[in-house]
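Reading the structure
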Amino acid sequence: MSLGDRSRVDLRSDTLTRPTESMRAAMARAEVGDDVYGEDPTVRRLQEQVAALFGHEAALFTPTGSMANVLAVRTLVGPGQEVLCESSAHIARAELGAHAAYSGITMRTWTGDRGAIDQPMIERIFAPDMGPFFVPTTAISVENTHNFGGGSIQPLADLRALRAFADERGVAIHLDGARIWNAHVATGTSLADYGRLADVLAVCLSKGLGAPVGSLVVGSQAAIDETRTWRKRMGGGMRQVGILAAAGLHALEHHVERLAEDHAHARLLAEACGVDPATVDTNIVVVPRADAPGFVRQAAEQGVLVSAVGPTAVRIVTHLDVDTAAAQRAAAVLADLTAGSGRPT
């Protein structure tokens, strides 16, 4: 099976999905206006719907998840202040230092098992405002699900305990909810329950939900008003973008509950790679390999694309474009490779 073969299975990321025919039709018939003027009716409907889902006052459509995170965090943390986050969080590892470069924000981190909240460590590293001598902590960021934690879900009890600590100390919580939809489907926890635990959220439409573009910042009306100004300042003002917002609306209506299929496929692939499927929370599997790049290369030669996310870690991500038959084909290839090179190390 060559890379040009139509049976190739691409498991590198859930950002690889292509719009379905019904999504394309929704995009084609979208009513549009100038969103910089706040006059695109489809964008407005998307923003209102997402804000309501999470129990917040307002939301703002952005072209990327990284921009949504940068905008969201800067509503809580000023220049020279700090946000606490897990050491492998997307905002710390995968946004190219944007929070420092654009907002003058510093970070300190804790390291949690699979990206988990470590409340005792957070309490130890938390820095109160001690005047013009030390950097104060003004926000805590949590990623749910956690990308580099293998799609791990933050337990609701841990999120509630962190919310109580933040309230006690008078600081805010940012939720990187790029894949919050996966956590919602896997646990049954409502989006509103997740939303009320954060002051501001960033949620993505172009990963598991299958839209081609788009994320949203969700928060208070004041936060979103500020974010709209900064979005324009950062070059993110968009005009007749209802065409893209329509894809998001279609995804919310048709692609949320089906995420359970992706989770089942991820467990199938985990088992093929010798990873306990019970440790797979959602749609991401991290497989330890002695030679991750070599494993990736061998899989690609047999038509299965996966990613090395370190010298000894392979990432597999299921998504809308990988049906059960494709997942089974990929599992057969990965199981043969695993058997030939030994179990995960």
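See above for the structure.
An account of the accompanying structure is given in this report. Note that the coordinates shown come from a computational prediction; the quantities given were computed from them, not determined experimentally. (Residues numbered from 1 in each chain as written. Predicted model: local features only at pLDDT ≥ 70, side-chain atom pairs only at ≥ 80, totals over all residues. Heavy atoms only, no water.)

So, on to the overall build of the protein chain. The number of helices and strands found in the protein chain is 14 helices and 12 strands. Expected size for 345 residues packed as a compact globule is a radius of gyration near 20 Å; at 20 Å, the protein chain falls within 12% of this value. Expressed as lengths along the three principal axes of its C-alpha atoms, the size of the protein chain is roughly 60 × 50 × 35 Å. Within the protein chain, the proportion of its 345 residues that are buried is 56%. Pairs at least 24 apart in sequence give 75% of the contacts found in the protein chain among residues at least 6 apart. For the protein chain, the separation between the mean place of its 31 positive charges and that of its 39 negative charges on side chains is 4 Å. (Helix = DSSP H or I, 4+ residues; strand = E, 2+ residues; numbered from the N terminus. Rg over C-alpha atoms; globule rule 2.2 N^0.38 Å. Buried < 20%, exposed > 50% of the residue type's maximum accessible area, 1.4 Å probe, protein only. Contact = heavy atoms within 4.5 Å. Lys, Arg positive; Asp, Glu negative; His and termini not counted. Charge placed at Lys NZ, Arg CZ, Asp CG, Glu CD.)

This part takes up the sheet that holds strand β5 (residues 137-143). Reading across from one edge, β2-β8-β7-β6-β5-β3-β4 is the order of the 7 strands in this open sheet, with mixed pairing throughout. With one partner strand each, in any of the chains shown, β2 (58-62) and β4 (106-110) form the two edges of the open sheet. Between one strand axis and the next, the sheet turns by 20° as a mean value, whatever way the strands run. The sheet contact formed by strand β3 (residues 82-86) and β4 spans 5 bridges and is parallel. By the bridge assignment, Glu82 is partnered in β4 with Thr106. Docked against the sheet, helix α2 (residues 41-53) engages β2, β7 (200-204) and β8 (215-219), running at close to 130° with respect to β2. (Pairing = 2+ DSSP bridges. Axes fitted to C-alpha atoms, helices over the stretch in contact; angles between N-to-C directions.)

So, on to the nonpolar core. Of all hydrophobic cores here, the largest spans 50 residues; its most connected members are Leu46, Phe54, Ile180, Trp181, Val203, Leu205 and Leu216. With sequence-adjacent residues up to four places away left out, Phe54 is seen in contact with Ile180, Trp181, Leu191, Ala192, Gly195, Arg196, Leu201, Val203 and Val218. (Core = buried A, V, L, I, M, F, W, Y, C linked by side-chain atoms within 4.5 Å.)

Moving on: the packing of helix α1 (residues 21-28) against helix α11 (residues 242-254). Running from amino to carboxyl end, α1 crosses α11 at an angle of 135°, the nearest separation of the two axes being 8 Å. Here α11 runs oblique to α1, going by the angle between their axes. The element α1 and its partner α11 pack so that their crossing is right-handed. Here Ser22, Met23, Ala26 and Met27 of α1 come into contact with α11, specifically with Ile243, Leu244, Ala246, Ala247, His250 and Ala251. Tallied by class, residues from the contact of α1 with α11 come to 8 nonpolar, 2 polar and no charged. (Parallel < 35°, antiparallel > 145°, perpendicular 65-115°, else oblique. Left-handed = near helix turned anticlockwise from the far one by under 90°. Nonpolar A, V, L, I, M, F, W, Y, C, P; charged D, E, K, R; others polar.)

Turning next to the sheet that holds strand β11 (residues 307-310). The strand order across the open sheet built from 3 strands is β9-β12-β11, with neighbouring strands paired in antiparallel fashion. Among the strands making up the open sheet, the edge pair consists of β9 (284-288) and β11. Averaged over all pairs of adjacent strands, the angle between strand axes in this sheet comes to 35°, irrespective of strand direction. Across the sheet, helix α13 (residues 292-301) is in contact with β11 and β12 (313-317); its angle to β11 comes to roughly 175°.

What follows concerns the side chain of His263. Residue placement: His263 occurs in helix α12 (residues 259-272). In terms of polar contacts, His263 uses its side chain to reach the side chain of Asn182, at 3.1 Å. (Polar contact = N/O pair within 3.5 Å; in protein donor to acceptor, adjacent residues only side chain to side chain.)

These figures come from the coordinates and say nothing about function on their own.
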